[in-house]
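Residue-level listing of the chains:
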Amino acid sequence: MIRLDGVAKTYRTRKGDLVHALAETSLTVGENEFVTLVGPSGCGKSTLLKLVAGLVPVTRGEIRVRDQVVREPFPDVGFVFQQPVLLPWRSVLDNVLFSVEMLGLEPRQYRKQAGDLLELTGLAGFETKYPHELSGGMQQRVAICRALLPDPGLLLMDEPFGALDAMTREEMSLELLRIWEERRKTILFVTHSIPEAILLADRVVVMSPRPGRIARVIAVDLPRPRTMDMEFDTRFKTHSDEVRSLIFSGRKERG
């Protein structure tokens, strides 16, 4: 589904300084695979996601999605940000329909699909509510529905639960797993949470401090469907210890 070959990204600041956000990185992500990216702040996780989405150009290397070179944003991708970014003057249903409007499609033809997604995420009955009437977790559910409505093959998620409290975050993680089990999208998910990265993923990509590079890719040896109780599984702890060791050893080496 996704192939990165020697991808690197360098930014120039307003002062003219060069910032090496991402070192040469190569990675493949399979069809319907759930892959999480974890690493220290500023290691290039979000940059990598934006490069895959075509929101910013690569400095070196090449990215392909379904064997097509990514040079600009493309329609077969849904993007979920850390903040829901809902339009406050639009209802829940109209916020969900906004994604197909942006693609130049007729919203009326997608009302049933939008309703089905709202039901799938526990938001049936909230169609006419406005963002300020919803909790943070409910707002993020609306954002996920909006991203899923055009039925993209690829879902990119940039710390979508980072601003939520711990209990809501766990609830949303399980909700996302349930949706993924039913809809089977390819998901690339950025997080700062090591337990979240392990709970969700088929594979965890651990990144080093900036300039970010892949320190290791860890295949998660846990059965599906997943539950929060798996955090007590010895395999979960083994994966967690390995990820922590890689992240903190990278920080020490940088220091």
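It should be noted that the structure appears before, not after, this text.
Reference entry: report on the structure contained in this document. (Residues numbered from 1 in each chain as written. Predicted model: local features only at pLDDT ≥ 70, side-chain atom pairs only at ≥ 80, totals over all residues. Heavy atoms only, no water.)

## Comments concerning helix 1 (residues 45-53)
With 7 of its 9 residues buried, helix 1 lies for the most part within the structure. Within the sequence span of helix 1, burial applies to Lys-45, Thr-47, Leu-48, Leu-49, Leu-51, Val-52 and Ala-53. Of the residues one or two after helix 1, Gly-54 is the one with positive phi, at around 80°. (Buried < 20%, exposed > 50% of the residue type's maximum accessible area, 1.4 Å probe, protein only. Helix = DSSP H or I, 4+ residues; strand = E, 2+ residues; numbered from the N terminus.)

## A look at the sheet that holds strand 8 (residues 186-191)
Whether parallel or antiparallel, the strands of a sheet pair through hydrogen bonds between backbone atoms. Within the open sheet, the 6 strands sit side by side as 6-7-8-3-9-10. Their pairing is mixed. Each having just a single partner strand, strand 6 (77-80) and strand 10 (214-219) make up the two edges of the open sheet. On average, each strand axis in the sheet is tilted by 15° relative to the strand beside it, whichever way the strands run. Of the pairings in the sheet, the one linking strand 7 (residues 154-158) to strand 8 comprises 5 bridges and is parallel in character. Its bridge partner lying in strand 8, Leu-155 is registered against Ile-187. Sitting on the sheet, helix 4 (residues 136-148) touches strand 6 and strand 7, and the angle it makes with strand 6 is about 165°. (Pairing = 2+ DSSP bridges. Axes fitted to C-alpha atoms, helices over the stretch in contact; angles between N-to-C directions. Contact = heavy atoms within 4.5 Å.)

## Concerning the packing of helix 2 (residues 92-102) against helix 3 (residues 111-120)
Contact geometry for helix 2 and helix 3: axes closest at 10 Å, N-to-C directions at 115°. Once helix 2 is placed against helix 3, the crossing between them reads as right-handed. Each of Val-92, Leu-93, Val-96 and Leu-97 in helix 2 lies in contact with helix 3, whose residues at this interface are Arg-111, Ala-114 and Leu-118. Here the contact of helix 2 with helix 3 is built from residues that sort into 6 nonpolar, no polar and 1 charged. (Left-handed = near helix turned anticlockwise from the far one by under 90°. Nonpolar A, V, L, I, M, F, W, Y, C, P; charged D, E, K, R; others polar.)

## Considerations on the environment of Leu-199
Here Leu-199 lies in helix 6 (residues 194-200). Sequence separation between Leu-199 and Val-56 is 143 residues, and the spatial gap between their C-alpha atoms is 29 Å. Once residues lying within four places of it in the same chain are set aside, the contact partners of Leu-199 are Ser-173, Leu-177, Arg-226, Thr-227, Met-228 and Phe-236.

## Concerning the packing of aromatic side chains
Scanning all chains against the criterion turns up 4 aromatic pairs. Taking 5.8 Å as the distance between ring centres and 55° as the angle between the ring planes, the aromatic pair formed by Phe-161 and Phe-189 counts as tilted. Residue Phe-161 is located in the loop between strand 7 and helix 5 (166-183), and its partner Phe-189 is located in strand 8; the two are separated by 28 residues in the primary sequence. Since its relative accessible area comes to 0%, Phe-189 is described here as buried. A network of ring pairs unites the aromatic residues Phe-34, Phe-161, Trp-180 and Phe-189 as a single cluster. Stacked on the ring of Tyr-11, the Lys or Arg Lys-9 has its end atom at 5.2 Å from the ring centre. (Phe/Tyr/Trp six-rings, centres within 6.5 Å; stacked < 30°, edge-to-face > 60°. Lys NZ or Arg CZ within 6 Å of the ring centre and 35° of its normal.)

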